[in-house]
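# Results of the structural survey
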Amino acid sequence: MPTTRSDVGNLLLGGLDLAAVVAETGAGTPSYVYDLDAIAAEARALALAFEGAPHLVAYAVKANSAGLVLRALAGEGCGADVVSGAELALALACAIPPDRIVYSGVAKLDPEIDRAIGCGERGIGAIQLESVEEIARVEARAAAQGRRVRVSARINPAAPASSLETHAHIATGHDEAKFGIPIDDVGAALDRIAKAPHVELVGLSVHIGSQLTSTGAYAAAAREVFRIARHLRGARAASLAFVDTGGGFGVDYEGTRGAVVRPADFVRAARVIQREEGLEDLALYVEPGRSLVAAHGVLVARVVQEKHATGRSGERRWLMIDAGMNDLIRPALYQARHRIVPLVAERGPTLPWRVVGPVCESSDDFGEHELPRAPGEHVAILDAGAYGFTMASAYNGRALPAEIFLAGGRVAHVSARATEERWVRERLM
Ligand SMILES: Cc1ncc(COP(=O)(O)O)c(C=O)c1O
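### Looking at the pattern of salt bridges
Under the counting rule described, the total for this entry stands at 22 salt bridges. With its nearest N and O atoms 2.6 Å apart, the salt bridge here joins R150 to D99. Of the two residues, R150 sits in strand 9 (residues 149-156) while D99 sits in the loop between helix 4 (85-93) and strand 7 (101-103), which places them 51 residues apart along the sequence. The class for R150 is buried, based on a relative accessible area of 9%. A salt bridge links R141 to D110; its shortest N-O distance comes to 3.6 Å. In this pair, R141 is assigned in helix 6 (residues 132-145) and D110 in helix 5 (residues 110-118), connecting sequence segments 31 residues apart. The class of D110 is partly exposed, set by a relative accessible area of 30%. One network of salt bridges, in which partners are shared, links R223, R227, R230, E276 and E277.

Structure, rendered in structure tokens:
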């Protein structure tokens, strides 16, 4: 469950009082706090949508690569969608079997491809080929290892960008995007794959983008791919074992409960198409990231100071916190909006506050939020479990934030923040 409030108005995550968690762990702020039980429950709920049909939930590691998160999801049967050799190594180290890993990415390096080919008895579940040019590279690396590697063709359906209903920076399934094999080149790509003796086509995949709030464009892309799969089945790809309809299931960042379709709705939409195309014997893979973790993580920040001014456009009021765009870049990068709430709810009147961080950039701005007149010592930035810590940087000489993991009604682990001294030492060289 995402955050709730106690009887006295304190913000809770995983049933624990966040103010107490931050104080008692000594982790300080800014700190990410995650509810591992709720993340696992999210994966269980999604698995139900498959109703026992063959499937793989390949968790997109990029969303939150904490080992404890990966292990919690692996414990629920999830595999992994990785985008680098390091993510692959991490997934393997978190006991995700190679067979349950797919590897996406438009510019995989040779050593990364080698690692994917070389692990386990048959390499990973599938290297997702994202261009016609990549086929020869993967074929050559597999030949050098004397192995036959499983691949899937990631198709770019060239959906009209406007149909993707998401921010341009996270839309991937349109004609201008660098991702995937352009739909018009798929025939040529499949011919090349068929002629490459060291690659075996086991899947077709698509991922049109992130933060989708309706199933329409997702279903349309899934249909394209299932259609190609049906043609292939009739013709040449006896080895085809799965169709992967990607991730991108949107999250209710506004907190308008029920207004955003659930991850299971995307799976159900894809399954309807799979049935209509008569391909129920194929496994259905999906690659959710954000929807499994976002709501179950918060970024706790301390209020550093207020700033008031009477500008030409009227009264201005800023709330300056110790978390910045280096800790959570989504608002600066995608104009994303995260709700911000006090850890300890104050009764009484609220005011619109412009909440900003300490980073020396105008875009270090979390937007305007209705908060108490006296906002208290700490605030929480909600729905920060995805693309938060994984995108954090040390910009402005700021230490990476701490991470606190909750499970079973207690603090399971604390990853301390990197120290300022370490940053200075490293930059001194
Ligand atoms: C190939 C691929 N699969 C899955 C995802 C996960 O998307 P989301 O976190 O929106 O579910 C991404 C994210 O960008 C991606 O690039």
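### Details of a nonpolar patch on the surface
A cluster of nonpolar side chains, W423, V424 and L428, forms an exposed patch at the surface whose accessible area comes to about 300 Å². Among the structural elements, L428 can be located in helix 12 (residues 420-428). The exposure class assigned to L428 is exposed, which follows from its relative accessible area of 66%.

### Re the site of the ligand
Close to the ligand lie 14 residues; S210, G248, E287, R290 and Y387 are nearest. S210 is positioned such that a nitrogen or oxygen atom in its side chain is 2.2 Å from an oxygen atom of the ligand. In this structure, an oxygen atom belonging to the ligand sits 2.8 Å away from a main-chain N or O atom of G289. Contact with the protein chains hides 92% of the accessible area of the ligand, taken as 400 Å² for the molecule alone.

### Section: the packing of aromatic side chains
Counted under the stated rule, the structure contains seven aromatic pairs. Ring geometry for F242 versus Y285: centroids 3.8 Å apart, planes at 5°, classification stacked. Of the two residues, F242 sits in strand 12 (residues 242-244) while Y285 sits in strand 13 (residues 283-286), which places them 43 residues apart along the sequence. The exposure class of Y285 is buried, given its relative accessible area of 14%. Pairing F249 with F266 gives two aromatic rings, centres 4.7 Å apart and planes at 15°, and the pair type is stacked. One end of the pair, F249, is in the loop between strand 12 and helix 9 (263-276); the other, F266, is in helix 9, and 17 residues separate them in sequence.

### Describing a negative patch on the surface
Taken together, the side chains of E133, D175, E176, D184 and D185 make up a negatively charged region of the molecular surface. On the basis of relative accessibility, which here comes to 33%, the residue D185 falls in the partly exposed class.

### Describing the sheet that holds strand 3 (residues 16-17)
Pairing is antiparallel across the open sheet formed by three strands, whose spatial order is 1-2-3. Both edges of this open sheet fall to strand 1 (4-5) and strand 3, since each of them pairs with a single strand only. Looking at chain direction, strand 2 (residues 11-13) and strand 3 are connected through two bridges and run antiparallel. If you follow L13 over to strand 3, its bridge partner there is L16.

### Description of unusual backbone geometry
Backbone torsion omega between T29 and P30 reads -5°, so that peptide bond is classified as cis. Considering the arrangement of structural elements, one finds P30 in the loop between helix 1 (18-25) and strand 4 (31-35). A positive phi angle, close to 55°, is found at Q211, a residue other than glycine. Assessed through its relative accessible area of 14%, Q211 is described here as buried. Despite not being glycine, M429 has its phi angle at roughly 65°, a positive value. Assignment of secondary structure puts M429 in the segment after helix 12.

Calculation notes
- Residues numbered from 1 in each chain as written.
- Predicted model: local features only at pLDDT ≥ 70, side-chain atom pairs only at ≥ 80, totals over all residues.
- Heavy atoms only, no water.
- Salt bridge = Lys/Arg side-chain N within 4 Å of Asp/Glu carboxyl O.
- Helix = DSSP H or I, 4+ residues; strand = E, 2+ residues; numbered from the N terminus.
- Buried < 20%, exposed > 50% of the residue type's maximum accessible area, 1.4 Å probe, protein only.
- Patch = residues over 30% accessible without salt bridge, like charges linked within 9 Å, V, L, I, M, F, W, Y side chains within 5 Å.
- Areas by Shrake-Rupley, 256 points an atom, 1.4 Å probe, with all protein chains shown as cover.
- Near = heavy atom within 4 Å.
- Polar contact = N/O pair within 3.5 Å; in protein donor to acceptor, adjacent residues only side chain to side chain.
- Phe/Tyr/Trp six-rings, centres within 6.5 Å; stacked < 30°, edge-to-face > 60°.
- Lys, Arg positive; Asp, Glu negative; His and termini not counted.
- Charge placed at Lys NZ, Arg CZ, Asp CG, Glu CD.
- Pairing = 2+ DSSP bridges.

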